[in-house]
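Topology and contacts: notes
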Protein chains: 2
Amino acid sequence: MDKKYVVGVDIGGTTSKIGVVDMRGDVLSQSVIKTETTVTAVEFIKMLADAIKQNIVKAGVEGQVRGVGVGAPNGNYYTGCIAFAPNLGWAAHESVEFSKLLSEELDGMPVSLTNDANAAAVGEMTYGIAKGMKHFIMITLGTGVGSGIVINGEVLYGSDGFAGELGHTCAVRHNGRLCGCGKTGCLEAYCSATGVARTAREWLDSSTEPSLLRQLNAITSKDVYDAAKQGDALALRIFDFTGRILGEKLADFIQFSAPEAVVLFGGLARSREFLEAPILKAMNDNVLPLWKGKVELLFSSLKESDAAILGASALAWEL
Amino acid sequence: MDKKYVVGVDIGGTTSKIGVVDMRGDVLSQSVIKTETTVTAVEFIKMLADAIKQNIVKAGVEGQVRGVGVGAPNGNYYTGCIAFAPNLGWAAHESVEFSKLLSEELDGMPVSLTNDANAAAVGEMTYGIAKGMKHFIMITLGTGVGSGIVINGEVLYGSDGFAGELGHTCAVRHNGRLCGCGKTGCLEAYCSATGVARTAREWLDSSTEPSLLRQLNAITSKDVYDAAKQGDALALRIFDFTGRILGEKLADFIQFSAPEAVVLFGGLARSREFLEAPILKAMNDNVLPLWKGKVELLFSSLKESDAAILGASALAWEL
């Protein structure tokens with residue numbers, strides 16, 4: 001029988017999403033499990049395999065699944081390992097042979113692994129706004145800043161499978177913020193949801209400018225968005241600042257791989273109305289003349305709830 | 001008859017080098033012509049074609065040449081055009097169909113064109129220190145800073161043929177030097193031979209520190225090297241500064257494409273004894289832990305006089 005379905009798994013620090021997907025990108029069944037971090041890797045993988053099997057039954061496609069695609073922090077496409085992922089307890093201090101172990105639990109079904117941002121890029125190329133594009137850079141703006149780089153229609157993995165860590169390129173060289181990775185000035189420390197919240201707190205602390213944000217205790221990037229919607233001047237300047245820093249770095253990335261487009265994805269990308277103009281200005285101000293106005297800035301069009309599953313599942317078509 | 005020879009052509013702003021090369025990378029005959037810039041493109045291409053024919057005769061390989069590979073500023077692999085190259089009078093303000101025109105002058109012999117830094121990368125991969133490598137970044141440190149990026153054993157051209165303009169990524173964000181491209185703070189404005197000379201003049205002007213360089217009128221990067229060899233403290237600090245800036249940017253590039261190595265080439269790379277340590281330190285200080293100490297910094301081993309011809313000729317093997 002022809003195997004016309006795949007499974008997509010998105011492993012996050014808090015929850016893991018599982019979905020059965022057909023060739024059109026329709027999700028036939030899906031579920032969410034808690035990403036247990038206090039158990040062993042083998043225990044978590046057994047729980048995940050059970051959830052995958054249940055979804056296959058629920059979708060009524062037993063025996064017709066080609067394979068499983070998994071997107072996970074620090075997932076390595078070449079080795080099938082998840083190694084030293086700070087947010088995944090069972091892989092925080094060691095390298096876990098994730099693809100091999102999961103495949104064994106699924107009676108030998110093939111498993112393909114990559115990191116979450118690469119999975120998002122594959123999803124965008126297969127089902128989303130980058131469909132048909134051969135050269136683009138996907139930037140995921142979530143808790144952190146991730147990236148998936150597509151060259152000649154294929155994800156760039158580099159010599160070791162870890163290419164595309166654009167969130168940890170340097171955005172602010174001198175007196176830059178400390179990043180979660182231990183370095184300073186990383187793009188992620190400024191242009192993630194966390195980075196936006198950090199900018200808000202820093203700016204509120206260093207001035208007495210009135211702002212709707214002053215009445216809040218714990219500020220999130222969503223709060224900054226809501227304030228900007230109400231015309232709050234400080235919140236609007238936070239998006240200008242964030243967009244400028246991102247646009248400056250995008251210019252460097254464009255000069256590296258000459259893509260047709262940059263695609264933005266993730267929670268912070270929903271603030272498009274405030275981010276798009278400053279990103280575009282900084283991007284075009286900082287590229288060589290030959291690229292000015294030539295590279296598209298796109299925002300992901302995938303349904304937010306399905307996007308992670310679709311991205312991971314798209315990997316499995318190549319199995 | 002099997003075609004066992006190729007021709008390599010390196011077009012520079014002042015001279016153009018032509019060589020006939022065999023499969024081992026031995027140069028059988030070569031010559032240099034002036035890169036006329038006041039003539040028309042068609043006139044220059046006729047002169048170049050004559051020089052190519054003479055070299056083929058001199059090498060005694062008539063009828064055995066597979067094709068011609070050309071490296072030139074702003075040479076585009078996809079289109080075969082040289083467009084808006086400031087230093088080439090006949091292509092400074094227009095796009096010249098170089099490959100097509102040269103092929104016509106050579107009775108239909110195939111011609112492949114790319115920019116000079118990409119040609120250097122191909123040469124290094126075919127005959128040089130990057131032989132057998134699938135992932136590396138070539139940086140040419142000459143009058144300017146060029147780059148050729150190799151991914152999966154192939155030069156990265158991107159969507160438009162212009163990928164790899166790393167010399168124009170931003171090294172100094174605020175109050176950066178004006179670059180020849182019109183932007184400010186570009187890597188090229190600091191880490192080219194011209195950039196080193198500029199650092200020397202700036203530093204001499206802004207202090208009264210004694211230095212061997214003070215007695216010179218027009219300072220070149222070679223003068224800075226000679227002074228450093230004699231232990232001149234200011235000259236040594238110029239190389240530390242130059243190496244640090246280059247190393248910081250190399251860290252960003254590594255986080256983009258995860259190469260096995262970075263290869264340095266060109267006149268300034270001959271100052272290896274002063275540049276290597278500060279480049280390595282800054283590079284390893286600015287990459288994620290997973291790459292610390294993992295990416296090699298190599299210096300081109302190709303014979304300087306042959307390197308440009310070999311690089312361009314290597315392109316022609318794929319014709």
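Residues numbered from 1 in each chain as written. Chains lettered and ligands numbered in written order. Predicted model: local features only at pLDDT ≥ 70, side-chain atom pairs only at ≥ 80, totals over all residues. Heavy atoms only, no water.

**Here we look at the sheet that holds strand 10 (residues 154-155) of chain A**
All names here are of chain A. Here is the rule we go by: Strand pairing is assigned whenever DSSP identifies at least 2 bridges connecting the two strands. Every helix listed is a DSSP run of H or I at least four residues long, and every strand listed is a run of E at least two residues long, numbered separately from the N terminus. Note on contacts: a residue pair qualifies if any of its non-hydrogen atoms lie within 4.5 Å across the two residues. To obtain each axis, a line is fitted to C-alpha atoms, and for helices this fit is confined to the stretch in contact; angles are then taken between N-to-C directions over 0 to 180 degrees.
Strand order in the open sheet made by the five strands is 10-9-8-11-12, with mixed pairing throughout. The strands lining the two open edges of the sheet, one partner per strand, are strand 10 and strand 12 (296-299). As paired strands, strand 8 (residues 136-141) and strand 9 (residues 145-151) are joined by six bridges and run antiparallel to one another. From the neighbouring strand, Met138 faces strand 9, where its bridge partner is Gly148. Set on the sheet, helix 8 (residues 272-285) makes contact with strand 11 (261-265) and strand 12; between it and strand 12 the angle comes to about 165 degrees.

**Comments concerning unusual backbone geometry**
All names here are of chain B. Quick reminder of the rule: Here's how the labels work: a residue is buried when its accessible area is under 20% of the maximum for its type, exposed when over 50%, partly exposed in between, all with a 1.4 Å probe on protein chains only.
For Asp107, which is not glycine, the phi torsion reads 55 degrees and is therefore positive. With respect to the helices and strands, Asp107 occurs in the loop between helix 2 (98-105) and strand 7 (111-114). Of the residues examined, Asp107 reaches a relative accessible area of 71% and is grouped as exposed. With a phi close to 45 degrees, Ala258 is a non-glycine residue in the positive phi region. Take Ala258: it is sitting in the loop between helix 7 (233-257) and strand 11 (261-265). Judged by its relative accessible area of 0%, Ala258 is buried.

**Things to note about the pairing of strand 7 (residues 111-114) of chain A**
Residue and element names in this part refer to chain A. Alternating positions in strand 7 separate into two faces, Val111 and Leu113 on one and Ser112 and Thr114 on the other, with burial throughout. Across four bridges, the pairing between strand 4 (residues 65-71) and strand 7 is parallel. Bridging across to strand 7, Val70 finds its partner in Leu113.

**Focus on the interface of chain B and chain A**
Note the threshold: What counts as buried area is the accessible surface, traced by a 1.4 Å probe, that two parts surrender upon association, with contributions from both included. Any carboxyl oxygen of Asp or Glu that lies within 4 Å of a side-chain nitrogen of Lys or Arg is treated as forming a salt bridge with it. Counted as a polar contact is a pair of N or O atoms within 3.5 Å, where, for protein atoms, one must be capable of donating a hydrogen and the other of accepting one, and residues adjacent in sequence contribute only when both atoms are in side chains.
Across the contact, 37 residues belong to chain B and 38 residues belong to chain A. Contact between chain B and chain A buries roughly 3,000 Å² in total, counting both sides, with carbon and sulfur atoms accounting for 60%. Across the salt bridge formed by Lys249 of chain A and Asp252 of chain B, the nearest N and O atoms sit 2.9 Å from each other. Applying the counting rule to chain B against chain A returns 22 residue pairs in polar contact (both at pLDDT 80 or more). Secondary-structure elements contributing two or more residues to the side of chain B that touches chain A are strand 9 (145-151) and helix 7 of chain B. The leading source of residues in the side of chain B that touches chain A is helix 7 of chain B, at seven residues.

**Details of the relation of the copies chain B and chain A**
The condition that has to hold: When the copies are overlaid, the least-squares fit takes in C-alpha atoms only where the residue has pLDDT of at least 70 in both copies.
By a simple turn and slide, chain B fits onto chain A: the slide is 0.0 Å along the axis, the RMSD is 0.0 Å, and the turn is 180 degrees. With respect to symmetry, the two chain copies, as superposed, fit the operation of a two-fold axis.

**Here's the deal with empty space enclosed by the protein**
The following threshold applies: Computed over the protein atoms alone on a 1 Å grid, cavities are sets of points where a 1.4 Å probe fits but cannot get out and pockets are open sets with protein on both sides within 12 Å along at least five of seven lines; a residue lines them when it has an atom within 4 Å of a point. Grid points are joined across faces, edges and corners, and a volume is the space filled by probe spheres set on the points. The residue classification treats Ala, Val, Leu, Ile, Met, Phe, Trp, Tyr, Cys and Pro as nonpolar and Asp, Glu, Lys and Arg as charged. All others, Gly included, are polar.
One pass over the full model with this rule turns up one cavity of 30 Å³ or more. The calculated volume of the largest cavity comes to roughly 70 Å³. Taken together, Thr169, Lys249, Asp252, Phe253 and Phe256 of chain A together with Leu166, Thr169, Lys249, Asp252, Phe253 and Phe256 of chain B form the lining of the largest cavity. At the level of elements, helix 7 (233-257) of chain A together with helix 7 of chain B are the ones that each hand at least two residues to the lining of the largest cavity. For the lining of the largest cavity, the per-class residue count stands at five nonpolar, two polar and four charged.

**Digging into the nonpolar core**
Stated precisely, the cut-off is as follows: Residue types Ala, Val, Leu, Ile, Met, Phe, Trp, Tyr and Cys, when buried and joined through side-chain atoms within 4.5 Å, form a set referred to as a nonpolar core.
Grouped together as the largest cluster of nonpolar side chains are 105 residues, with contacts concentrated most on Ile139, Leu213 and Leu264 of chain A together with Ile139, Leu213 and Leu264 of chain B. Each residue touching Ile139 of chain B, except ones within four places of it in the same chain, is listed here: Val145, Gly146, Ser147, Leu166, Leu250, Phe253, Val262, Val263, Leu264 and Phe265 of chain B. Among the nonpolar cores identified, the runner-up in size contains 33 residues, and Ile18, Val20, Ala51 and Val61 of chain B belong to it.

**A short note on the packing of helix 5 (residues 193-205) of chain B against helix 7 of chain B**
All names here are of chain B. Put simply, the test is: Angular relationships are summarised with four words: roughly parallel below 35 degrees, roughly antiparallel beyond 145, roughly perpendicular across 65 to 115, and oblique for the angles in between. Definitions for this section: a left-handed crossing has its near helix turned counterclockwise from the far helix by less than a right angle. A right-handed crossing has that turn clockwise.
Two elements in contact, helix 5 and helix 7, have axes separated by 10 Å at closest approach and are oriented at 125 degrees. In terms of axis orientation, helix 5 runs oblique to helix 7. When you trace helix 5 past helix 7, the crossing you get is right-handed. Residues Val196, Thr199, Ala200, Trp203 and Leu204 of helix 5 pack against Leu234, Arg237, Ile238, Phe241 and Thr242 of helix 7.

**Focus on helix 1 (residues 41-59) of chain B**
Residues and elements named next belong to chain B. Just so we agree on the cut-off: To estimate how far a helix should reach, multiply one less than its number of residues by 1.5 Å. Our arc is simply the arc of the directions from the helix axis toward the C-beta atoms.
For helix 1, with 19 residues, the first-to-last C-alpha span of 27 Å sits near the 27 Å given by 1.5 Å per residue. For helix 1, every residue scored as buried is listed here: Ala41, Phe44, Ile45, Leu48, Ala49, Ala51, Ile52, Asn55, Ile56 and Ala59. Buried residues of helix 1, seen end-on, are gathered within an arc of 165 degrees and therefore sit on one face of the element. Exposed positions of helix 1 whose direction lies more than 90 degrees from the buried face are Gln54 and Lys58.

**Examining the sheet that holds strand 9 of chain B**
Strand order in the open sheet made by the five strands is 10-9-8-11-12 (chain B), with mixed pairing throughout. Each edge of the open sheet is held by one strand with a lone partner, namely strand 10 (154-155) and strand 12 (296-299) of chain B.

**Things to note about the pairing of strand 4 of chain A**
Residues and elements named next belong to chain A. Of all the seven residues making up strand 4, six are buried; the element is thus mostly covered by neighbouring parts of the structure. As defined by bridge partners, strand 1 (residues 5-11) adjoins strand 4 across five bridges and the pair is classed as parallel. What sits directly across from Asp10, in strand 4, is Gly71.

**Side note on the environment of Gly19 of chain A**
All names here are of chain A. Its place among the elements puts Gly19 in strand 2 (residues 15-22). For Gly19, a relative accessible area of 0% translates into the label buried. A sequence separation of 145 residues divides Gly19 from Gly164, and the C-alpha atoms of the two residues are 26 Å apart.

**So, the pattern of salt bridges**
A pair can form between side chains of opposite charge whenever their charged atoms are brought close. Applying the stated rule across the entire model yields 31 salt bridges over all chains. Residues Arg177 of chain A and Glu202 of chain A are paired through a salt bridge, measuring 3.0 Å at the closest nitrogen-oxygen approach. Of the two residues, Arg177 of chain A is situated in the loop between strand 10 and helix 4 (188-191) and Glu202 of chain A in helix 5 (residues 193-205); the sequence distance between them amounts to 25 residues. Relative accessible area serves as the criterion here: at 6%, Arg177 of chain A is assigned to the buried category. Glu202 of chain A gets classed as partly exposed once you look at its relative accessible area, which sits at 37%. It is possible to trace a salt-bridge network through shared partners that takes in Lys249 and Asp252 of chain A together with Lys249 and Asp252 of chain B.

**Some details on the confidence of the model for chain A**
Short version of the rule: The predictor reports its confidence for every residue as pLDDT, a score running from 0 up to 100.
Looking at chain A as a whole, its pLDDT mean stands at 94, while 99% of the residues score no less than 70. Per the prediction output, this complex has pTM 0.94; the corresponding ipTM is 0.93.

**A word on the side chain of Glu165 of chain B**
For clarity, the threshold we go by: Charge convention: Lys and Arg are scored as positive, Asp and Glu as negative, and His as well as the terminal groups of each chain are ignored.
Examined against the element boundaries, Glu165 of chain B turns out to sit in the loop between strand 10 and helix 4 (188-191). Buried and without a salt bridge, Glu165 of chain B has Lys183 of chain B as its closest oppositely charged side chain, separated by 8.9 Å. Once residues within four sequence positions are removed from consideration, Glu165 of chain B is found in contact with Gln255, Leu288 and Trp291 of chain A together with Ser147 of chain B.

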